[in-house]
Amino acid sequence: MPGADKTVLVTGARAPVALHLARLLDGAGRRVILADTPARPIAAASKACARYHHLPPPRFEPEAYAEAVEALVRAEGIDLVIPTCEEVFYLALAWHGRAMPAALFAPGIDLLAEVHNKHAFIRLAERLGLAVPETTLLSSPDDLETVRSRSREWVFKPVWSRFASHVFLRPTPDFLDAITPSPAMPWVAQRFIDGDEISAYAVARAGKLKALALYRSLHRAGKGAGIFFERVEDRAVHELVERIVAGTSWTGQISFDLMHEADGRVLPLECNPRAVSGLHFFRDPGRFADAVLGDGPEVRPDVTAPQTVRLAMWIYGLPAALRSGGLDRFRKAMRDGQELLDWPGDPAPVKAQWAVLTEIAGVAWRQRISLQAASTRDIEWNGPGDGS
């Protein structure tokens with residue numbers, strides 16, 4: 001991947017990580033084009049955005065999406081395409097079936113699908129010689145019955161899912177009546193692991209780790225997506241991530257949820273082959289771009305303050321604090337956290353949050369789904385049947 005890539009397309013412009021990536025690349029002298037399906041995504045408001053392109057929804061119109069991306073790449077003279085969300089799967093499918101004139105900063109669809117599958121990823125980690133939590137594939141009601149009596153020892157989740165959606169954490173046996181696993185919609189039962197949960201954001205090129213940030217999510221939107229992040233250091237996690245990216249010859253962004261047990265052992269829980277909030281701990285454009293796109297050494301995070309989105313804290317964090325009696329903890333987080341949308345000389349994205357929220361709320365109301373589900377509904381990828 002040559003460091004001379006001058007025009008970069010960043011997709012998934014709705015996401016704060018896309019905005020952050022655009023700012024880093026713009027600050028390093030790249031021309032940044034952004035694309036996504038919302039009318040007014042947050043990153044489009046940034047000074048780092050040279051131009052924004054509206055695309056068809058890849059989940060519902062994958063062929064039209066691929067054609068639009070190809071036309072965009074040719075029209076803008078794009079050198080490199082960097083996905084940030086689950087549109088990475090639809091882009092990988094497009095690159096698999098077309099002669100695209102730009103490089104895609106992601107692996108092929110087969111490897112992407114393998115690590116995104118919560119059962120296949122554990123088997124992959126096992127083949128790489130890593131310790132893993134006991135994980136059982138559930139493809140039928142009969143499979144479910146084999147673990148029902150021990151349900152309090154397990155975590156149940158769909159093979160294809162995100163944001164901890166539909167997770168059953170150590171449920172009583174009767175709660176499993178809501179689960180209907182099938183070959184088309186399998187689940188996993190994963191042994192509950194007690195320990196320190198750590199998230200990892202990494203970038204690799206040809207199996208070599210180029211950037212890594214580790215963090216904890218101290219406040220979340222519901223059970224899943226973090227909205228307040230505290231950076232951590234953990235050498236054992238660093239080594240685990242290095243082994244996975246080397247063992248897969250990974251190129252692109254990759255993220256992990258891991259558990260560090262009291263005895264020092266680190267276990268991978270699941271993998272997301274996309275950007276996550278650890279990216280916000282990098283704010284030096286030159287060093288980041290040199291490492292990720294050029295030949296520079298692995299870059300370490302340069303931000304120490306906790307990172308947060310204050311609007312999300314008001315929407316999700318405050319109600320959770322009121323329910324749990326954690327108002328003091330909420331107030332401390334609001335005092336200590338650095339607004340991750342803030343950037344010198346680029347205030348517009350903070351104000352753009354309201355238009356973005358209005359658009360997402362409209363989708364949520366029309367589809368009768370949560371705000372979180374509405375934010376990703378049109379880009380989710382739930383296995384080989386989606387977009388293939």
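These numbers were taken from a predicted model, which means no experiment stands behind them. (Residues numbered from 1 in each chain as written. Predicted model: local features only at pLDDT ≥ 70, side-chain atom pairs only at ≥ 80, totals over all residues. Heavy atoms only, no water.)

(A) Region of the structure containing helix α3 (residues 87-97). Counting buried positions along α3 gives 9 out of 11 residues, so the element sits mostly inside the fold. Restricting attention to buried positions, one finds in α3 the residues Glu87, Val88, Phe89, Tyr90, Leu91, Ala92, Leu93, Ala94 and Trp95. (Buried < 20%, exposed > 50% of the residue type's maximum accessible area, 1.4 Å probe, protein only. Helix = DSSP H or I, 4+ residues; strand = E, 2+ residues; numbered from the N terminus.)

(B) Fine view of the packing of aromatic side chains. In the structure shown here, the tally under the stated rule is 9 aromatic pairs. Aromatic pair Phe121 and Phe256: ring centres 6.0 Å apart, planes at 35°, arrangement tilted. You can see Phe121 sitting in helix α5 (residues 118-127) and its partner Phe256 sitting in strand β13 (residues 252-260), a full 135 residues away along the chain. For the pair Phe121 and Phe256, a shared accessibility class is recorded, and that class is buried. With a centroid separation of 5.5 Å and an interplanar angle of 65°, the aromatic rings of Trp314 and Phe330 are classed as edge-to-face. (Phe/Tyr/Trp six-rings, centres within 6.5 Å; stacked < 30°, edge-to-face > 60°.)

(C) Representation of the nonpolar core within the structure. Counting residues in hydrophobic clusters, the biggest one holds 57 residues, and the most contacted among them are Val81, Trp95, Val241 and Phe256. Once residues lying within four places of it in the same chain are set aside, the contact partners of Phe256 are Phe121, Ile198, Ser199, Ala200, Val241, Ile244, Glu270 and Cys271. If you look at the next biggest cluster of nonpolar residues, it comprises 53 residues, including Ala13, Leu24, Leu80 and Val356. (Core = buried A, V, L, I, M, F, W, Y, C linked by side-chain atoms within 4.5 Å. Contact = heavy atoms within 4.5 Å.)

(D) Quick peek at the sheet that holds strand β3 (residues 51-54). Overall, parallel pairing links the 5 strands, which are arranged β3-β2-β1-β4-β5 in an open sheet. The sheet terminates laterally at β3 and β5 (103-104), the two strands that pair on one side only. In this sheet, strand β4 (residues 80-82) lies alongside strand β1 (residues 7-11) in parallel orientation, the contact comprising 3 bridges. Bridge pairing links Leu9 to Val81 in β4. Sitting on the sheet, helix α2 (residues 62-76) touches β1, β2 (31-36), β3 and β4, and the angle it makes with β2 is about 160°. (Pairing = 2+ DSSP bridges. Axes fitted to C-alpha atoms, helices over the stretch in contact; angles between N-to-C directions.)

(E) Spotlight on the pattern of salt bridges. Counted by the stated rule, this structure contains 27 salt bridges. For Arg216, the salt bridge goes to Glu230, with nearest N and O atoms at 3.3 Å. Taken together, the residues Arg216 in strand β11 (residues 208-220) and Glu230 in strand β12 (residues 226-232) connect sequence positions 14 residues apart. Of the residues examined, Glu230 reaches a relative accessible area of 29% and is grouped as partly exposed. When the shortest N-O distance is used, the salt bridge between Arg331 and Asp328 registers 2.9 Å. Here Arg331 pairs with Asp328, and both are found in helix α10 (residues 327-336), just 3 residues apart, close to one helical turn. Using a relative accessible area of 61% as the deciding quantity, one classes Asp328 as exposed. (Salt bridge = Lys/Arg side-chain N within 4 Å of Asp/Glu carboxyl O.)

(F) Up close: the sheet that holds β11. Taken in spatial order, the 7 strands make up an open sheet running β14-β13-β10-β11-β12-β15-β16, and their pairing is mixed. On the outer flanks of this sheet lie β14 (266-272) and β16 (338-339), each paired with one strand and no other. The sheet contact formed by strand β10 (residues 196-205) and β11 spans 7 bridges and is antiparallel. The partner of Ala204 across the bridge, within β11, is Leu209. Of the strands in this sheet, β13 and β14 are in contact with α5, which crosses β14 at around 135°. Of the strands in this sheet, β11, β12 and β16 are in contact with α10, which crosses β11 at around 140°.

(G) Geometry of unusual backbone geometry. With a phi angle near 50°, Ser249 is a residue other than glycine that sits in the positive phi range. Here Ser249 shows up in the loop between α7 (235-248) and β13. The backbone of Arg368 sits at a positive phi, close to 60°, despite the residue not being glycine. For Arg368, the location among the structural elements is in the loop between α11 (348-367) and α12 (371-376).

(H) Structural detail: the side chain of Gln307. Within the secondary structure, Gln307 is located in strand β15 (residues 307-308). The buried category is assigned to Gln307, whose relative accessible area is 0%. Only 2.5 Å separates the side chain of Gln307 from the side chain of Gln338, close enough to count as a polar contact. Beyond its immediate stretch of four places on either side in the chain, Gln307 contacts Ile227, Phe228, Phe229, His280, Phe281, Arg283, Gln338 and Leu340. (Polar contact = N/O pair within 3.5 Å; in protein donor to acceptor, adjacent residues only side chain to side chain.)

Take it as geometry only, folks, not as evidence of what the structure does.
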